[in-house]
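Chain by chain, the residues:
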There are 2 protein chains.
Amino acid sequence: MAKLSPVDFTAVTLEGRFWPERLETVLAKTIPSQFEQMVKHNIIESLDLPKPVPPLTFPRNHHNFTTQVFWDSDVGKWIEAASYALSHRRDKDIEDKIDMVVEKLALAQLDDGYLNCWYLGREPEKRWTNLRDNHELYCAGHMLEGAVAYFQTTGRRKLLDIMLRYVDHMIVRFGRGENQIRGYCGHQEIELALLKLYAVTHEKKHLDLARYFIDERGALPHYFDKEAIARGDDPKKFWAKTYEYNQSHKPVREQDEVVGHAVRAMYMYAAMADIAAETGDAALKSACEKLWHDVTEKRMYVTAGLGPSATNEGFTSPYDLPNETAYAETCASVALIFWAKRMLDLDCDSAYADILELSLFNGTLSGLSRDGVHYFYANPLESDGNHQRWTWHPCPCCTMNVSRLVASVGNYFYSRNSDTIAVHLYGSNTASIKLDGTNVTLKQTADYPWSGKISLEVNPEIKTEFTLKLRVPGWAKGAKVKINGKNFGHRAVMERGYAAIRRAWKMGDIVAIDFPMPVERIYAHPRVRQDVGRVALKRGPLVFCVEGADNPGVDLSMVSLVADKPVKALLDEGLFGGTMRLWAPALMSDQSEWAGKLYQSDPKAAKKTTLTALPYYLWCNRGSNRMLVWVPET
Amino acid sequence: MAKLSPVDFTAVTLEGRFWPERLETVLAKTIPSQFEQMVKHNIIESLDLPKPVPPLTFPRNHHNFTTQVFWDSDVGKWIEAASYALSHRRDKDIEDKIDMVVEKLALAQLDDGYLNCWYLGREPEKRWTNLRDNHELYCAGHMLEGAVAYFQTTGRRKLLDIMLRYVDHMIVRFGRGENQIRGYCGHQEIELALLKLYAVTHEKKHLDLARYFIDERGALPHYFDKEAIARGDDPKKFWAKTYEYNQSHKPVREQDEVVGHAVRAMYMYAAMADIAAETGDAALKSACEKLWHDVTEKRMYVTAGLGPSATNEGFTSPYDLPNETAYAETCASVALIFWAKRMLDLDCDSAYADILELSLFNGTLSGLSRDGVHYFYANPLESDGNHQRWTWHPCPCCTMNVSRLVASVGNYFYSRNSDTIAVHLYGSNTASIKLDGTNVTLKQTADYPWSGKISLEVNPEIKTEFTLKLRVPGWAKGAKVKINGKNFGHRAVMERGYAAIRRAWKMGDIVAIDFPMPVERIYAHPRVRQDVGRVALKRGPLVFCVEGADNPGVDLSMVSLVADKPVKALLDEGLFGGTMRLWAPALMSDQSEWAGKLYQSDPKAAKKTTLTALPYYLWCNRGSNRMLVWVPET
């Protein structure tokens, strides 16, 4: 099968109750509040040049750098998130704010195209001298993504033109030529941004620059060594101690273990998959596949959270997945979705879509509160009640990452090629998809993720033969498909987890899909020592958790679920606008049996109780309280 | 009951196979090799003054201090350990080495009594300016303990006299008077050492100085603040961040949670208990009791290891007891024994003796290898095979702590008062104990800890009425006692876990004790999240572990013990000179069932197998390999 191309957010109108609520919240609450926060924290002001950027809001940390170097990226990501949200509903006030920011950027940009407000305002002579730590290309990447998104939604190209000039400057400055910097960014991001640009411009130079950054990474002599020496620093004193931190420890095609900072890793892998798709680079694709297996089979939380450790904001050893101290940064789950979608477009294997959906409905959605103005940076799988959502963060990367993902969720429903439409995600929406022969309007109707019953109306402009590929989720056992009321499932050809239906489709054909959604008990690999003797509850794509707010009078540190007993699922229309809840038979240890004892040999007396669970992504929307995903099982 | 007094190591001759092997190993291997290591690492040379102390062997660490400031304490602890071992068998070579060291100390001591070789050799003008970090009084404490022990074993008092002069200097320098330093040591130790001195001298000034240090600790304005300012440092920049680290965050009588550095805490509590015993200070005793409950009911590993975290070498939050990363420093388990013995002498409650014995046979003995020249600093309860014993350490505190404890184990068998003998520990030995009316020779015969059958021959010089208190260990259910062949257990009065037998004892009376020793399955409090779904095996005082060396062909990361099945115990005479081993029915998950899967909902197929366990303290004597104490249970 020819590889697939994305169907982007501009072609997909989300309907029903689930996603429109999130999109409206992002547009009406999140985007305006994020702008206010950026004003309050001097981030917007920092774009006003040539006057010096404001004094440090947060002190330099123990690594002697400040999160202020990220500020351009925060602005860029906000523009990107806002642009996606505007495709849901245009909003003059937000657009005016973006245009105002664009004016500032236009004024700040140097004649040679360079545009990084931290360096321009503070130490312009030092630009491009610390790629390892100071995030210049990272900031450029996010601004570039913002520029592309704003252009896609509004057609306005002023910011895109600014960024095209900046990219031209990079093309001059970076490369293997005599007077060029033979380097790359310590925080990958520019690579995937250049691929997004390439998808709009189709200019080979944009693809080439991304390839250069990917190909050069990890080459010896190591660029970050050379750069540190040139700065007068000792490269051995790199605060992160290892170049695994930024995945430059070896050339990317030789990498087969997922190491270091989780977000950097995921952004890089996404770019690698993009380049593999554009160029047919088999070594890149193969590296992506090895890395995919490594991360999803040894290093991923059941919520698709990534990176157990706060120390390196990233990965540790295989099967090390502590729950209470899980870092599992929202950004990393978002970035996993980027990567998964690109892998999916390469091979249309539902294994990728399963992880994409898992990350979307769990580790990613958890990062944004119901009210749209509170966030999680880390997404632990257990809490003693000390975790809480915050309104802003010294490093606000996750705020805009979750809003841009939610606002652009339309990107992840479909892919296409000349005669194929692949349906990856389910949920009410109307999509307009161009095949070679015709335009097809697809209309999904579903109360997803609460129900697995989906109606898909297929409306080609004219009767046309093409293949409709329907993802059968890994969790959906006994899926049924009917076409125009007749069973079809048994005649569908299964291709890597997709039911492929080739026929001459005509206006008004109805595909009815039924994915059974029983509550599943999920167990972790025995090597995950933190989950031994524990079970997680899952229904469809949603991982559930037990939270104090739903279990008054139950000490959640003393409970266990009873094995093999049925768990009830019921849609609670009154909770958070309609939410599935689970009721599970459980036992609660008697505290008095343990009074004064830390260890004992006698079996513990335990009282019967019932635990109520709700989707993990909704936790901590009713204040801080105790929570667990992995519940002991008796 | 009047409080008890210790019966010290000089009065107890250890017999049988267990302890004499350890004592002989310490005397013949450990003590000489430790001296060699101290020569090799310039520690002995550093006592030669006035020439400057040798260059730093190990670089200053990130807190900007060097372990070299501890060197006097290492020498003192070595003298102490050697002195105890010499009571087992005198050895001229070792005594000559001690006397040589004493000559160096005599030459180094200033006329005013001051004696700290680090300061004298490097920056004498700075003495007593950084009590918080630089361990001067801590070093003095250890040298003092060495001096007392050497005097007790050999009667030689040159070192004792040196240290008496040093203590007199401290009495002048420290206190609440006008020209005195109103401070105390950052690392508690001097306090308990002064109590040991007081037990020999009965001079009130020695008790008073210890009381001053204990009473002053945590008083406001905080001494370490004042001291830091006087040095020109910012007290807020204390590298450990909190005075909880050294338990000076509040006055000791107000402390009810065990916090901070574990060894400092235990040394302090031991001194507090000592002072409570000497002075009847009810507030101190009450604080000790609260702290005892807190640590043993919320913060102690099943091996009696203390302090889960390497970061502060100490305590974290209640019930936080990670196994693989357990710090559980050998020194902390040793120090817990010190404290437990003092609590035991206050109240003769077997709860204290149970913990004392648990620590002795598990968290403490594990610190010394079979060959006597390898050590553990940290005592994890699980290993992926990356842990190994070492021959020396930049901070060799644990080496001499475990040797001094093993060599002085005779201290922990008995206590006495005018008409009571309390038997705390079991194992073959002959003890000579003075009551008011008579001397009693006790002769225990037992293959302890392998067997719970004990014969105790009671030999008073003349027929005398007194109370013999026999500890009934918490693990011993269904204990039986016979006197001269007749059942007596039912007539014994149980007093806080001790069977009290009052009668007119005569030469040759035989008390036969039988403590059943079935294998127990031990479960942790449900709040210990790391032990959920896991079981530990215990027999008598010994905690067992499963180690790779005993389980070839079994993947210890994929096993679980089968609940409710009997576990066999058998003495293996061929292993480590005779060792109990356990055989337990188990299941091993099939790796192929998990190939490519990190999570799954289907029950896992598992194969039957048998796990072999050996006493925890013996692990890692056959090279590094995988090990677990807490085994998943199915």
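The rules behind the values
Residues numbered from 1 in each chain as written. Chains lettered and ligands numbered in written order. Predicted model: local features only at pLDDT ≥ 70, side-chain atom pairs only at ≥ 80, totals over all residues. Heavy atoms only, no water. Contact = heavy atoms within 4.5 Å. Buried area = accessible area lost by both parts, 1.4 Å probe. Salt bridge = Lys/Arg side-chain N within 4 Å of Asp/Glu carboxyl O. Polar contact = N/O pair within 3.5 Å; in protein donor to acceptor, adjacent residues only side chain to side chain. Helix = DSSP H or I, 4+ residues; strand = E, 2+ residues; numbered from the N terminus. Nonpolar A, V, L, I, M, F, W, Y, C, P; charged D, E, K, R; others polar. Pairing = 2+ DSSP bridges. Least-squares fit on C-alpha atoms with pLDDT ≥ 70 in both. Core = buried A, V, L, I, M, F, W, Y, C linked by side-chain atoms within 4.5 Å. Buried < 20%, exposed > 50% of the residue type's maximum accessible area, 1.4 Å probe, protein only. Disulfide = S-S within 2.5 Å. Axes fitted to C-alpha atoms, helices over the stretch in contact; angles between N-to-C directions. Parallel < 35°, antiparallel > 145°, perpendicular 65-115°, else oblique. Left-handed = near helix turned anticlockwise from the far one by under 90°. Expected span 1.5 Å × (residues − 1). pLDDT = per-residue confidence, 0-100. Phe/Tyr/Trp six-rings, centres within 6.5 Å; stacked < 30°, edge-to-face > 60°.

1. Description of the interface of chain B and chain A
With 41 residues of chain B at the contact, the number on the chain A side is 40 residues. Note on chain B versus chain A: buried area summed over both sides is about 3200 Å², and carbon and sulfur give 55% of it. Looking at the side of chain B facing chain A, the largest losses of area belong to B:Arg527, B:Leu598 and B:Tyr599, adding up to 23% of the total buried there. Put simply, chain B and chain A have four salt bridges between them. Between B:Arg529 and A:Glu324 there is a salt bridge, and its shortest N-O distance comes to 3.1 Å. For the pair chain B and chain A, the number of links is 20 residue pairs in polar contact (both at pLDDT 80 or more). Elements supplying a minimum of two residues to the side of chain B that touches chain A: helix H11 (282–298), strand E15 (519–524) and strand E21 (599–600) of chain B. Sort the elements by how many residues they give to the side of chain B that touches chain A and E15(B) lands first, with five residues. Among the residues making up the side of chain B that touches chain A, the classes are represented as 17 nonpolar, nine polar and 15 charged. Two strands pair when backbone bridges link them, and strand E15 (residues 519–524) of chain A and E21(B) are joined in this way by two bridges, in the antiparallel orientation.

2. Looking at the relation of the copies chain B and chain A
The transform that puts chain B on chain A rotates by 180° and translates by 0.1 Å along the axis, for an RMSD of 0.1 Å. One copy is carried onto the other by what is essentially a two-fold rotation axis. Of every C-alpha in chain B, the one belonging to B:Gly533 sits nearest the axis of rotation, 2.1 Å from it. A shared interface surface links the copies, since 98% of the contact residues of chain B are contact residues in chain A too.

3. Concerning the nonpolar core
By size, the foremost hydrophobic cluster in this structure holds 462 residues, and its most contacted members are A:Met266, A:Trp339, A:Leu470, B:Met266, B:Trp339 and B:Leu470. Beyond its immediate chain neighbours, meaning those up to four positions away, B:Trp339 contacts B:Met266, B:Tyr269, B:Ala270, B:Ala273, B:Cys288, B:Leu291, B:Trp292 and B:Val295.

4. Looking at the state of the cysteines
What we call a disulfide is simply a covalent bond connecting the sulfur atoms of a pair of cysteines. For the coordinates displayed, the defined rule picks out zero disulfides over all chains. The cysteine A:Cys397 is free of any disulfide, with A:Cys395 supplying the nearest cysteine sulfur at 3.6 Å. Among the residues examined, A:Cys397 registers a relative accessible area of 8% and is labelled buried. B:Cys331 provides the cysteine sulfur closest to B:Cys398, a residue in no disulfide bond, and the two sulfurs are 3.4 Å apart. On the basis of relative accessibility, which here comes to 1%, the residue B:Cys398 falls in the buried class.

5. Points about the sheet that holds strand E13 (residues 498–505) of chain B
Residues and elements named next belong to chain B. Here we have six strands laid out as an open sheet, ordered E1-E4-E5-E9-E13-E12, and mixed in their pairing. Each edge of the open sheet carries a strand with a single partner, namely strand E1 (5–6) and strand E12 (493–495). By the bridge criterion, four bridges tie strand E4 (residues 414–417) to strand E5 (residues 420–423) in an arrangement that is antiparallel. Opposite Asn417, over in E5, you have Thr420 as the bridge partner. Relative to strand E9 (residues 464–471), helix H13 (residues 350–364) is tilted by about 55°, and along the sheet it contacts E9 and E13.

6. A short note on the sheet that holds strand E10 (residues 480–483) of chain A
All names here are of chain A. Taken in spatial order, the seven strands line up as E2-E6-E7-E8-E14-E10-E11 in an open sheet, and their pairing is antiparallel. Of all the strands in the sheet, the pair left with one neighbour each is strand E2 (12–14) and strand E11 (486–487). Relative to strand E8 (residues 453–460), strand E7 (residues 439–446) runs antiparallel, the two being bridged by seven bridges. Its bridge partner lying in E8, Ala446 is registered against Ile454.

7. Observations regarding the packing of helix H3 (residues 92–108) of chain A against helix H6 (residues 158–173) of chain A
Residue and element names in this part refer to chain A. As a packed pair, H3 and H6 sit with axes 10 Å apart at the nearest point and diverge in direction by 30°. It follows from the interaxial angle that H3 and H6 lie roughly parallel. Where H3 crosses over H6, the handedness of that crossing is left-handed. Where H3 approaches H6, its residues Val102, Glu103, Leu105 and Ala106 are matched on the opposing element by Lys158, Leu159 and Ile162.

8. Digging into helix H12 (residues 330–347) of chain B
All names here are of chain B. With 18 residues, H12 extends 26 Å between its outermost C-alpha atoms, agreeing within 8% with the 26 Å of an ideal straight helix rising 1.5 Å per residue. Burial runs high along H12: 18 of the 18 residues are buried. Where H12 terminates, the next one or two residues include Cys348, which has phi positive at roughly 45°.

9. Examining the packing of H12(B) against H13(B)
Residues and elements named next belong to chain B. Interaxial distance between H12 and H13 falls to 8 Å at its minimum, and their mutual angle equals 160°. Taken together, the axes of H12 and H13 are roughly antiparallel relative to one another. Every pair of crossing elements has a handedness; the one defined by H12 and H13 is left-handed. Residues Thr330, Ser333, Val334, Leu336, Ile337, Ala340, Lys341, Met343, Leu344 and Asp347 of H12 touch H13, and the partners they reach there are Tyr352, Ala353, Ile355, Leu356, Ser359, Leu360, Gly363 and Thr364. Here the residues of the contact of H12 with H13 are counted per class, giving 11 nonpolar, five polar and two charged.

10. A look at the side chain of B:Ser415
Its place among the elements puts B:Ser415 in strand E4. Excluding residues within four positions of it along the chain, B:Ser415 makes contact with B:Leu4, B:Ser5, B:Val7, B:Lys341, B:Asp345, B:Thr420, B:Ile421, B:Ala422 and B:His424.

11. Topic: the confidence of the model for chain A
Any region with low pLDDT has predicted coordinates that should not be read closely. Per-residue pLDDT for chain A averages 94, and the proportion of residues at 70 or more is 97%. ipTM for the predicted complex: 0.92, alongside a pTM of 0.91.

12. Things to note about the pattern of salt bridges
For the structure shown, the criterion picks out 108 salt bridges over all chains. For A:Glu573, the salt bridge is made with A:Arg17, and the minimal N-O distance between the two is 2.8 Å. On the criterion of sequence distance, the pair formed by A:Glu573 in the loop between strand E19 (568–572) and strand E20 (579–589) and A:Arg17 in the loop between E2 and helix H1 (18–40) is long-range, its members being 556 residues apart. As a salt-bridge pair, B:Lys92 and B:Asp96 come within 2.6 Å of each other at their nearest N and O atoms. Separated by four residues within a single helix, B:Lys92 and B:Asp96 lie in helix H3 (residues 92–108), roughly one turn from each other. Each of the salt bridges in this network shares a partner with another, and the network as a whole consists of A:Lys285, A:Glu289, A:Asp347, A:Asp349 and A:Arg496.

13. Re the packing of aromatic side chains
Residue and element names in this part refer to chain B. As enumerated under the stated definition, the model contains 74 aromatic pairs over all chains in all. Ring geometry for Phe174 against Phe213: centres 5.7 Å apart, planes inclined by 65°, an arrangement best described as edge-to-face. One end of the pair, Phe174, is in the loop between helix H6 (158–173) and helix H7 (190–201); the other, Phe213, is in helix H8 (residues 204–216), with 39 residues separating them in the sequence. Using a relative accessible area of 3% as the deciding quantity, one classes Phe174 as buried. Note on Phe213: relative accessible area 0%, which makes it buried. On the numbers, 6.3 Å between centres and 45° between planes, the contact of Tyr377 with Trp390 is tilted.

14. Observations regarding the pairing of strand E20 (residues 579–589) of chain B
Residues and elements named next belong to chain B. Here E20 lies mainly inside the structure; nine of its 11 residues are buried. In terms of strand pairing, strand E19 (residues 568–572) meets E20 through five bridges, oriented antiparallel. Its bridge partner being in E20, Lys568 is matched across the sheet by Trp583. Between E19 and the antiparallel strand that follows it, E20, lie six residues; Phe576 among them carries a positive phi value of about 50°. In the sheet, E20 pairs with strand E22 (residues 606–615) via eight bridges, with the strands oriented antiparallel. If you follow Pro585 over to E22, its bridge partner there is Thr610.

15. Description of the environment of A:Leu131
Residues and elements named next belong to chain A. Tracing the backbone through its elements, the reader meets Leu131 in the loop between helix H4 (117–122) and helix H5 (136–154). Distance in space between the C-alpha atoms of Leu131 and His187 is 8.4 Å, their sequence separation being 56 residues. Apart from the residues within four sequence positions on either side, Leu131 is in contact with Glu136, Phe174, Ile181, Gly183, Tyr184, Cys185, Gly186, Tyr223, Phe224 and Glu227.

16. Examining the pairing of E7(A)
All names here are of chain A. Taking every second residue as pointing to the same face, the buried face of E7 carries Val440, Leu442, Gln444 and Ala446, while none of Asn439, Thr441, Lys443 and Thr445 on the other face is buried. Judged from the six bridges that link them, strand E6 (residues 429–434) and E7 form a sheet pairing that is antiparallel. Bridged to Ile433 within E7 is Val440. Taking the residues between adjacent antiparallel strands as the criterion, E6 and E7 are bridged by four residues. Hairpin connection of E7 to E8: six residues between the antiparallel strands.

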